[in-house]
Amino acid sequence: MTKDEVLDRLKVGNKRFTEDKKEGKLQDKARREDLTSGQSPYAIVLSCADSRVVPELTFDTGLGELFTVRVAGNIANSSSIASIEYAVANLGTEIIVVMGHESCGAVTAAMNGGDNGYNLNHLVSHIAPAIAASSKDATVNEVVKKNAKLTAEELKTRSTIITDAVESGKVKIVPAYYNLDSGVVDFL
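Residues numbered from 1 in each chain as written. Predicted model: local features only at pLDDT ≥ 70, side-chain atom pairs only at ≥ 80, totals over all residues. Heavy atoms only, no water.

Student: Looking at this structure, how should I read the overall build of the protein?
Tutor: Check the secondary structure of the protein and you find nine helices and five strands. Helices (α) and strands (β) of the protein occur, in sequence order from the N terminus, as α-α-β-α-β-α-β-α-α-α-α-α-β-β. Since a compact globule built from 188 residues should have a radius of gyration of about 16 Å, the 16 Å found for the protein is in line with a globular shape. Overall, the protein is about 50 × 40 × 30 Å in size when its C-alpha atoms are taken along their principal axes. (Helix = DSSP H or I, 4+ residues; strand = E, 2+ residues; numbered from the N terminus. Rg over C-alpha atoms; globule rule 2.2 N^0.38 Å.)

Student: Can you walk me through the side chain of R31 in this structure?
Tutor: Tracing the chain through its elements places R31 in helix α2 (residues 29-34). Although R31 lies buried, it forms no salt bridge, and the closest oppositely charged side chain, D34, sits 4.9 Å away as judged by the N-O distance. Not counting residues within four places of it along the chain, the set of residues in contact with R31 comprises L26, L63, G64 and E65. (Buried < 20%, exposed > 50% of the residue type's maximum accessible area, 1.4 Å probe, protein only. Lys, Arg positive; Asp, Glu negative; His and termini not counted. Salt bridge = Lys/Arg side-chain N within 4 Å of Asp/Glu carboxyl O. Contact = heavy atoms within 4.5 Å.)

Student: Explanation requested: the nonpolar core in the structure shown.
Tutor: Buried together is how nonpolar side chains tend to be arranged in soluble globular proteins. In this structure, I84, I96, V98, L155 and I173 are the most contacted members of the largest nonpolar core, which totals 35 residues. Contacts of V98, omitting those with residues within four sequence positions, involve L46, N74, A148, T151, A152, L155, I173, V174, P175 and A176. Ranked by size, the runner-up nonpolar core spans 17 residues in total, among them V45, L66, I95 and M99. (Core = buried A, V, L, I, M, F, W, Y, C linked by side-chain atoms within 4.5 Å.)

Student: Hey, could you run me through the pattern of salt bridges in this one?
Tutor: Any two side chains of opposite charge can pair, on the condition that their charged atoms come close. All told, the structure shown has nine salt bridges when counted by the stated rule. Residue E33 is joined to K29 by a salt bridge in which the shortest nitrogen-to-oxygen separation is 3.9 Å. Placement of the pair is E33 and K29 together in helix α2, with a separation of four residues, close to one helical turn. What makes K29 exposed here is its relative accessible area of 54%. The structure contains a network of salt bridges with shared partners spanning R16, E23, K25 and D60.

Student: Before we go on, may I ask you to explain helix α8 (residues 140-157) in this structure?
Tutor: The α-helix advances 3.6 residues per turn, and as a result positions three or four apart in sequence lie on the same side. With 18 residues, α8 should reach 26 Å at 1.5 Å per residue; the first-to-last C-alpha distance of 25 Å fits that figure. Looking only at α8, the buried set comprises V143, V144, N147, A148, T151, A152 and L155. (Expected span 1.5 Å × (residues − 1).)

Student: Can you walk me through the environment of I131 in this structure?
Tutor: Position of I131 among the secondary structure elements: in helix α7 (residues 128-132). Judged by relative accessible area, which is 28%, I131 ranks as partly exposed. In sequence terms I131 and A110 are 21 residues apart; their C-alpha atoms lie 8.1 Å from each other. Once residues lying within four places of it in the same chain are set aside, the contact partners of I131 are A110, M111 and V143.

Student: What am I meant to see in the packing of aromatic side chains here?
Tutor: For any pair of aromatic rings, the description rests on two quantities: the centre-to-centre distance and the angle between the ring planes. By the definition in use, this model includes two aromatic pairs. Ring centres of F59 and F187 lie 6.5 Å apart, and the angle between their planes is 35 degrees; on these two criteria the pair is classed as tilted. With a gap of 128 residues between them, F59 in the loop between α3 (55-58) and β2 (66-70) and F187 in strand β5 (residues 185-187) connect regions that are remote in the sequence. Between F67 and Y86 the ring centres are 6.2 Å apart and the planes differ by 35 degrees, which places this aromatic pair in the tilted class. Here Y86 lies in helix α4 (residues 78-91) and F67 lies in strand β2, a separation of 19 residues in the sequence. The buried category is assigned to F67, whose relative accessible area is 14%. Cation over ring: K145 sits above Y177, and NZ or CZ is 4.6 Å from the ring centre. (Phe/Tyr/Trp six-rings, centres within 6.5 Å; stacked < 30°, edge-to-face > 60°. Lys NZ or Arg CZ within 6 Å of the ring centre and 35° of its normal.)

Student: Got a minute to help me understand the environment of A148 in this structure?
Tutor: Along the polypeptide, A148 turns up in helix α8. On a C-alpha basis, the gap between A148 and A76 in space is 9.8 Å, while along the polypeptide they are 72 residues apart. Among residues more than four places away in sequence, those in contact with A148 are N74, V98, G100, P175, A176 and L188.

Shown next as structure tokens:
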């Protein structure tokens with residue numbers, strides 16, 4: 001599939017999801033057996049770890065179709081970047097979707113500030129650039145969208161593997177926003 005065909009496939013799957021018409025294909029024993037020899041996902045999705053945001057369901061995909069990396073705030077930390085690099089370099093995946101979502105708790109924590117302990121402070125520090133790039137009265141959801149866009153850019157600046165793939169036209173990075181109430185994914 002071309003990059004545009006992959007994006008269309010994701011959009012069509014999301015439409016099925018929001019209309020409660022999921023096909024639920026490629027989720028059976030035969031598919032599991034097919035995948036024992038390897039994987040070739042057509043998209044990478046960096047999304048939040050929030051239990052309400054499940055990319056495989058959101059895009060109505062089956063086993064082996066998405067390479068999903070989940071971390072609170074859909075941030076580009078060393079581990080999430082390394083995981084994405086693996087898929088780009090070894091699996092030939094050409095689309096990376098960075099998907100934030102409505103009412104993100106990690107973004108809310110970052111905006112509220114304060115001392116949340118070593119680990120959470122480290123995580124929310126990755127969201128600080130989105131807060132700084134937003135207006136002082138920005139809503140959580142506006143910062144979430146900014147964070148998805150900045151994280152998409154950060155993937156290129158922090159990884160030569162991803163940068164080289166983007167510059168050569170092999171990979172396209174697309175920021176997105178998941179609406180909790182409707183399930184609709186807006187590609188930004």
